[in-house]
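One letter stands for each residue in the lines below.
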Amino acid sequence: MLSEEELQKYRQAGKILAEVREEIKKHVKEGVKLVDIAERAEELIRSKGAQPAFPCNVSVNEIAAHYSPPLNDERTIQTGDLVKVDIGAQIDGYIADTAFSVSIGSPNPLVEAAEKALEAAISVVRPGIDVGEIGKAVEQTITQLGFKPIRNLTGHSLAPWDLHAGITIPNVAEKTGQILKPGDVLAIEPFATDGAGYVDDLQQTLIFRYLRDAPTRLRMTRALLRDIKNFYRTLPFAERWLAKRMSKLRLELSLRELVGAGALWPYHVLSERGKGKVAQAEHTVIVTENGCEVTTR
Ligand code: MN
Ligand code: MN
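What counts as what
Residues numbered from 1 in each chain as written. Chains lettered and ligands numbered in written order. Predicted model: local features only at pLDDT ≥ 70, side-chain atom pairs only at ≥ 80, totals over all residues. Heavy atoms only, no water. Donors = N, O, S within 2.8 Å, 3.2 Å for Na, K, Ca; no water. Helix = DSSP H or I, 4+ residues; strand = E, 2+ residues; numbered from the N terminus. Buried < 20%, exposed > 50% of the residue type's maximum accessible area, 1.4 Å probe, protein only. Domains from an automatic or database assignment. Contact = heavy atoms within 4.5 Å. Buried area = accessible area lost by both parts, 1.4 Å probe. Salt bridge = Lys/Arg side-chain N within 4 Å of Asp/Glu carboxyl O. Polar contact = N/O pair within 3.5 Å; in protein donor to acceptor, adjacent residues only side chain to side chain. Nonpolar A, V, L, I, M, F, W, Y, C, P; charged D, E, K, R; others polar. Core = buried A, V, L, I, M, F, W, Y, C linked by side-chain atoms within 4.5 Å.

Caption draft 1: The arrangement of the coordination of the manganese ion (ligand 2) in detail. The manganese ion (ligand 2) binds to the protein through Asp97 (OD), His156 (NE2), Glu189 (OE) and Glu282 (OE), with metal-donor distances spanning 2.2 Å. For the manganese ion (ligand 2), the donor residues sit on a single chain with the sequence spacing D-x58-H-x32-E-x92-E. Between the two metal centres, the manganese ion (ligand 2) and the manganese ion (ligand 1), the spacing is 3.1 Å, with aspartate 97 acting as a shared donor. Of the two residues, aspartate 97 is situated in strand 4 (residues 94–103) and histidine 156 in strand 6 (residues 155–157); the sequence distance between them amounts to 59 residues. When sorted by exposure, aspartate 97 lands in the same class as histidine 156, which is buried.

Caption draft 2: Here's a closer look at the domain arrangement of the protein. Under the domain assignment, the protein is made up of domain 1 (4–201 + 271–294) and domain 2 (207–270). The C-alpha centroid of domain 2 is placed 25 Å from the C-alpha centroid of domain 1. At the interface, 33 residues of domain 1 touch 16 residues of domain 2. With both sides pooled, the region where domain 1 packs onto domain 2 buries about 1900 Å², and carbon together with sulfur makes up 65% of that total. Of all residues in domain 1, the largest losses of buried area upon contact with domain 2 belong to Pro55, His66 and Trp161, amounting jointly to 36% of the total for that side. The shortest N-O distance in the salt bridge between arginine 240 and glutamate 42 comes to 2.8 Å. Joining domain 1 to domain 2, the criterion identifies nine residue pairs in polar contact (both at pLDDT 80 or more). Among the elements of the structure, helix 2 (34–47), strand 1 (51–60), strand 2 (63–65), strand 10 (199–210) and strand 12 (264–272) are those that each provide at least two residues to the side of domain 1 that touches domain 2. With six residues, strand 1 is the largest single contributor of residues to the side of domain 1 that touches domain 2. The class makeup of the residues in the side of domain 1 that touches domain 2 is 19 nonpolar, six polar and eight charged.

Caption draft 3: Region of the structure containing the nonpolar core. Judged by nonpolar contacts, the single largest core of 30 residues is most densely connected at Val20, Ile24, Val28, Val83 and Val85. Among the elements of the structure, helix 1 (4–25), helix 2, strand 1, strand 3 (82–91) and strand 4 are those that each provide at least two residues to this core. With six residues, helix 2 is the single largest residue contributor to this core. Apart from the residues within four sequence positions on either side, valine 28 is in contact with Ile37, Ile77, Val83, Val85, Phe100, Val102 and Ile104.

Caption draft 4: Up close: the pattern of salt bridges. Scanning all chains against the criterion turns up 22 salt bridges. The shortest N-O distance in the salt bridge between arginine 297 and glutamate 119 comes to 2.8 Å. Of this pair, arginine 297 sits in the segment after strand 15 (292–294) while glutamate 119 is found in helix 3 (residues 109–124), placing the two residues 178 residues apart along the sequence. Relative accessible area serves as the criterion here: at 36%, glutamate 119 is assigned to the partly exposed category.

Caption draft 5: Quick peek at the coordination of the manganese ion (ligand 1). Distances from the manganese ion (ligand 1) to its protein donors, namely Asp86 (OD), Asp86 (OD), Asp97 (OD) and Glu282 (OE), fall within the range 2.0 to 2.4 Å. Of note, the donors binding the manganese ion (ligand 1) are all from one chain and are spaced D-x10-D-x184-E. For aspartate 86, a relative accessible area of 10% puts it in the buried group. Looking at glutamate 282, the relative accessible area reads 1%, which means it is buried.

Caption draft 6: Molecular detail of the side chain of glutamine 280. As for its position among the elements, glutamine 280 is in strand 13 (residues 278–280). Taking the relative accessible area as the measure of exposure, glutamine 280 reaches 2% and is therefore buried. Within the local environment of glutamine 280, its side chain forms a polar contact with the side chain of aspartate 86, the two groups lying 3.0 Å apart. Other than its neighbours up to four places away in sequence, glutamine 280 contacts Lys84, Asp86, Ala99, Phe100, Ser101, Ala114, Glu189, Pro190 and Phe191.

Here you go:
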């Protein structure tokens, strides 16, 4: 179970993040640069007294997740785009994680499918259920609306300084053997698509996470790893966050060396296999004695 102090930190992170989400929603419109949305969201989180728990993801159309725009990204939002904004905030390592989707110009029913699936999922959460019940609620809701859930993207449990704390929450019906208990903290995140229902890794990596110390050849790389550990601990960070300390070329070289040495985990940009558009909705919930409390409402 969580102590009162832990509960308060989860709630405060959630409250701040919900405010940021509502403010950022207003800025997701045609002509706005993706990188400006990400920077604005992260700045808002800091201005309200929390820290980003991971880089803001601004993933468009068939890109399902893990696109956190680099500083020099000139791309802007266009009419017809389906934009997913995924943000996280933490206080002393206690994390809130939320996401929303916006269809630019004209409505896209995928957005409602993801939102309805999230509500259906939240309504089944209580102690004693297999997390596969959450996946069942997601799959049924999205399928009934004529779309597909993305089978190989999942929600996850949260723990202090740990964005994926051991429990995986499927977006399809399955028996997992993982049973919920009071005090579990979960990020539930259905993805709906009109494509194949799977994502694949692209080559591109813009988000990383510290894994372990590992020997590297270059002094510059060793210094970078030391700072990454100090600044971000075990939480994900963006290439963009380090872009001011060295040239893009040197930074990319260093990050590649650290990934190769096993010191960093690379989060590949994820693209829908059938090139379908993808919508996402996400809330963080705390499992209570008879249901759950949504921290990011
Ligand atoms: Mn998220
Ligand atoms: Mn998440």
